[in-house]
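So the chains spell out like this:
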Amino acid sequence: MFKLDNIKIRTLIGYGFGILVVFLILLGTIAWRQTSNIWGQFEMIQDHPNIVRKTILEFEKNVLIIHRGMKDVVFSDNNSEIERILENIKISENEAFAKLKLIKERYLGNFDDITELENEFIKWNIIREETIRLKKEGNIEESINRTNPDSIGGLQASLLLKKTEKIFKFADNKAESFYSQAKENNKKLKIQLVITLSLLLLLSISIFYIITTAVRRPLRLLTQAIDDFNDGKQNVICSYNSNNEFGHLSSNFNIMSEILTKKEIIHKYSTHLSNLMLKESEPSAFCREVLLTLLEHTDSQMGAFYLIDKSRDKFIKFESVGLKNDSKSSYSLSELEGDIGSVAAGGKIRYLTIPEDSPFNFVNLSGEIKPKSLVSLPLHSSDEGVG
């Protein structure tokens, strides 16, 4: 089963940081895409509708210059002036064709609108050439009539201006449409940023809570255990258990606490026994006090001191507590009889657990009792066993 406590703190922090980085990348991606869309729409406005509107106005200017020049041509009597005006008209005509070419490239509407405008402009050029021919042939009145607003030349110029107005209106509407889309995308971007930032904030708070919880609880338990240990309590155990760094620290603290507690107990017992050795000078009284102390510390009900008597080749019971006087008083030394013999042979403390069905019993003042365990301690003096 998954437990958050089993995740290492380093891994937990790494996951939290990674999730935040992913959300930051997501936030940046959203902002980048929407900003690119908005900028693309403004580029479309600049590269298409704006250029078309500007160019169509310049085209209209050329049309008006040409139309006014034609008026000057038909009313002028100076041939040199007429040639100069005709040169200016030719320049405006070439500029008008250049404007039509640019409008063709950038216009986003029906291409037929530009084709019709171009055809009508060519048709107007033919009409103007005929008017100039009549002027040069001396048909002054007819050439003047052709430039009047209600005549063929004037009507064609008005038709051109109507065509340009249609194109300009479409470009203007297109620019407004792009601008509206840009505003809508900007609104969407703000909403998406607010939602993403809100999720990022909630996620950050959640990650902060998870990490602080994962850190504060083991720290609190470890701090409490350390405070208890500093207050002199023994067998202090930190209850935090997990596979992360704090779990490892808690386990090591428990091991250290157990070792130090054992050392403290051993020191306490050693001090007690040393005090007994200084206090009691009579062997029997000393052995009795040692037995009573050992019985207290091992939570035992009975015990006995057996000393080696080499002259008799026996372990002789020297002092006992809780046993009847007629209980086992000696063991063979050479044969290493009983559990005492195995301890004497090995020279080490022996702890024996006795099965419940064992026939082995101890006899005390109230009768026989069945022991659960037996502790045997060898006695040494100058590296030689004495009991």
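Structure: see above.
Residues numbered from 1 in each chain as written. Predicted model: local features only at pLDDT ≥ 70, side-chain atom pairs only at ≥ 80, totals over all residues. Heavy atoms only, no water.

A. Spotlight on the pattern of salt bridges. Tallying each qualifying case throughout the model produces 9 salt bridges. Across the salt bridge formed by Lys163 and Glu116, the nearest N and O atoms sit 3.0 Å from each other. Separated by 47 residues along the polypeptide, Lys163 in helix H5 (residues 152–230) and Glu116 in helix H3 (residues 111–137) bring together distant segments of the chain. The exposure class of Lys163 is partly exposed, given its relative accessible area of 22%. Linking Glu137 and Arg133 is a salt bridge whose minimum nitrogen-to-oxygen distance equals 2.6 Å. Placement of the pair is Glu137 and Arg133 together in helix H3, with a separation of 4 residues, close to one helical turn. In this structure, a network of salt bridges that share partners links the residues Lys90, Glu93 and Arg128. (Salt bridge = Lys/Arg side-chain N within 4 Å of Asp/Glu carboxyl O. Helix = DSSP H or I, 4+ residues; strand = E, 2+ residues; numbered from the N terminus. Buried < 20%, exposed > 50% of the residue type's maximum accessible area, 1.4 Å probe, protein only.)

B. Fine view of empty space enclosed by the protein. The final tally for this structure, using the stated rule, is 2 cavities of 30 Å³ or more. Its boundaries defined by the atoms lining it, the largest cavity holds a volume of some 40 Å³. Those elements giving two or more residues to the lining of the largest cavity turn out to be helix H1 (9–75) and H3. The dominant element in the lining of the largest cavity, judged by the number of residues it contributes, is H3, at 3 residues. (1 Å grid on protein atoms, 1.4 Å probe; cavity = no way out; pocket = protein on both sides within 12 Å on 5 of 7 lines; lining within 4 Å. Points joined across faces, edges and corners; volume = space filled by probe spheres on them.)

C. Structural view of the packing of H3 against H5. Orientation of H3 relative to H5, taken along the N-to-C sense of each, is 160 degrees, at an axis distance of 10 Å. With respect to H5, the element H3 is oriented roughly antiparallel. When the axes of H3 and H5 are compared, the crossing they make is left-handed. Along the contact surface, H3 presents Asp113, Ile114, Glu116, Leu117, Glu120, Phe121, Lys123, Trp124 and Ile127, while H5 presents Ile152, Gly153, Gln156, Ala157, Leu159, Leu160, Lys163, Thr164, Lys166 and Ile167. Of the residues belonging to the contact of H3 with H5, the class tally is 10 nonpolar, 3 polar and 6 charged. (Axes fitted to C-alpha atoms, helices over the stretch in contact; angles between N-to-C directions. Parallel < 35°, antiparallel > 145°, perpendicular 65-115°, else oblique. Left-handed = near helix turned anticlockwise from the far one by under 90°. Contact = heavy atoms within 4.5 Å. Nonpolar A, V, L, I, M, F, W, Y, C, P; charged D, E, K, R; others polar.)

D. Spotlight on the packing of aromatic side chains. Applying the stated criterion across every chain yields a total of 4 aromatic pairs. Ring pairs connect the aromatic residues Phe59, Phe97, Phe121 and Trp124, which therefore count as one cluster. Geometry around Trp124 places Arg128 over its ring, the cationic atom sitting 4.9 Å from the centre. (Phe/Tyr/Trp six-rings, centres within 6.5 Å; stacked < 30°, edge-to-face > 60°. Lys NZ or Arg CZ within 6 Å of the ring centre and 35° of its normal.)

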